[in-house]
Every structure is written in structure tokens, then in C-alpha cells.
Amino acid sequence: MKKNFGVKNWMFPMPVLMIGTYDDDGTPNMMNAAWGGITLEDQITICIDTAHRTWANIAARKAFTVSFGTADTVKNCDYLGLVSGSQQADKVARSGLTAERSMFVDAPVMKEFPLVLECELVSMDEDTCNVVGRIVNCAVEESALTDGQPDAEKMRPVCFDPCGHVYRLMGQEVAKAFSCGLALKKDK
């Protein structure tokens with residue numbers, strides 16, 4: 001029997017989305033955002049409160065990057081979610097991450113994150129706090145590739161557990177997609 005909890009925003013996995021922008025003076029900024037996901041083949045939508053500095057930065061620069069927290073960077077990610085760029089202007093530097101300029105958009109890329117989506121702004125909706133970006137490039141660190149393809153096991157991405165308020169390491173492979181269900185499809 002299931003226990004009812006009413007309206008909850010519990011979803012698994014909930015990736016640890018790290019949103020990179022530049023402040024007005026060119027200082028790299030990054031925030032930890034929990035709510036977001038791929039909404040079209042080349043678009044990502046992220047919920048960012050309009051009070052966040054990241055909201056203003058995206059509105060001004062029309063660009064942002066999205067990286068994904070990993071087991072190796074979880075403390076850096078948590079710090080960037082705890083500290084406001086409005087109160088700590090050099091929070092990226094203090095986090096221990098290394099910012100580099102994206103070759104595709106006017107936003108920073110952090111060297112320590114193995115995967116980054118570089119995005120141009122499509123739209124911002126103040127009523128829903130949704131920011132939509134078009135992915136213009138996806139870059140993956142070569143050390144996180146196997147046979148030329150991204151390898152999640154090497155990246156060690158973490159997700160946010162909204163029920164326990166903890167970060168969890170993404171799990172092991174359990175089956176091959178688009179094939180494990182074929183046995184159920186056969187005529188009986």
C-alpha cells in the first residue's frame with residue numbers, strides 16, 4: 001500500500017544543476033539549482049528565482065552554462081548553493097573551482113565539471129521563474145569518455161534527494177535501454 005503525501009516536488013533523479021553566468025563586471029558566478037531538465041532536444045528549462053543574481057546575469061548576457069555536480073565536486077556545489085553572489089562577489093573563486101570563458105556563449109565553464117551544456121537564452125518567464133536556453137554546445141572532458149562517448153561512470157554525477165536532503169551518487173547500470181523490454185514485446 002502506498003502512503004499519500006499530497007503535493008510534493010519529489011522526483012528522482014534530480015540532477016545537481018550548476019548554472020554559470022558572468023556578473024556585470026565580468027566576474028564568474030555560479031549557482032546550484034535543483035529544478036530543471038531537458039525540455040526539447042536542444043533546450044533546457046531551469047527554475048531560477050527572479051531574486052537570484054543568476055536571473056539578472058542571464059537577462060543581461062543572454063547566455064549561461066549548465067554543468068552537473070559530481071562526487072568529486074559535491075562540496076564545491078553545495079557551497080555555491082549556500083552562498084549568494086549578491087553577498088560574496090568572488091564566490092566561484094572561493095569555492096575552489098576554476099572558471100574559463102566558453103568558446104560558444106558569454107558565460108563561464110568550470111574546468112572541474114566533466115560535462116557542460118553551453119546555452120543561449122530563449123526565454124525568461126517571471127511568473128513561473130522558468131529560464132529556457134538553447135544548447136549550442138555540449139562539451140565533455142576527454143578523461144570522462146569511453147570509446148569516444150560520455151561515460152557516466154567516469155563522471156560520477158550526483159543527484160539531489162529532496163526527501164532526505166542529501167546528495168546521492170548516481171547508481172550502477174541495471175539494463176540496456178531500448179532493448180531490455182523487448183522480451184515483453186514478443187507475442188505470447
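A. The arrangement of the overall build of the protein in detail. Along the protein, the regular secondary structure elements total five helices and 14 strands. For a compact globule of 188 residues, the expected C-alpha radius of gyration is about 16 Å, and the protein comes in at 18 Å, within 12% of that figure. Overall, the protein is about 65 × 45 × 30 Å in size when its C-alpha atoms are taken along their principal axes. The burial tally for the protein puts 35% of its 188 residues in the buried class. Surface exposure of the protein reaches about 11600 Å², of which carbon and sulfur atoms provide 52%. Charged side chains of the protein number 19 positive and 25 negative; the gap between the two group centres comes to 8 Å.

B. Representation of the side chain of T65 within the structure. Here T65 shows up in strand β6 (residues 63–68). Its relative accessible area of 0% is what places T65 among the buried residues. Among the polar contacts made by the side chain of T65, one reaches the main-chain carbonyl oxygen of P108 at a distance of 2.6 Å.

C. Representation of unusual backbone geometry. Here the residue pair F12 and P13 is connected by a cis peptide bond, since its omega of -10° sits within 30 degrees of zero. Assignment of secondary structure puts P13 in the segment before β1 (14–15). Even without being a glycine, K62 presents a positive backbone phi close to 60°. Relative to the helices and strands, K62 resides in the loop between α1 (53–61) and β6. With a relative accessible area of 49%, K62 lands in the partly exposed category.

D. Focus on the sheet that holds strand β13 (residues 158–161). If you walk across this open sheet you meet the three strands as β1-β13-β14, and the pairing is antiparallel. Among the strands making up the open sheet, the edge pair consists of β1 and β14 (166–169). For β1 and β13, the ladder comprises two bridges, and the chain directions are antiparallel. Its bridge partner being in β13, M14 is matched across the sheet by F160.

What counts and what doesn't
- Residues numbered from 1 in each chain as written.
- Predicted model: local features only at pLDDT ≥ 70, side-chain atom pairs only at ≥ 80, totals over all residues.
- Heavy atoms only, no water.
- Helix = DSSP H or I, 4+ residues; strand = E, 2+ residues; numbered from the N terminus.
- Rg over C-alpha atoms; globule rule 2.2 N^0.38 Å.
- Buried < 20%, exposed > 50% of the residue type's maximum accessible area, 1.4 Å probe, protein only.
- Areas by Shrake-Rupley, 256 points an atom, 1.4 Å probe, with all protein chains shown as cover.
- Lys, Arg positive; Asp, Glu negative; His and termini not counted.
- Charge placed at Lys NZ, Arg CZ, Asp CG, Glu CD.
- Polar contact = N/O pair within 3.5 Å; in protein donor to acceptor, adjacent residues only side chain to side chain.
- Pairing = 2+ DSSP bridges.

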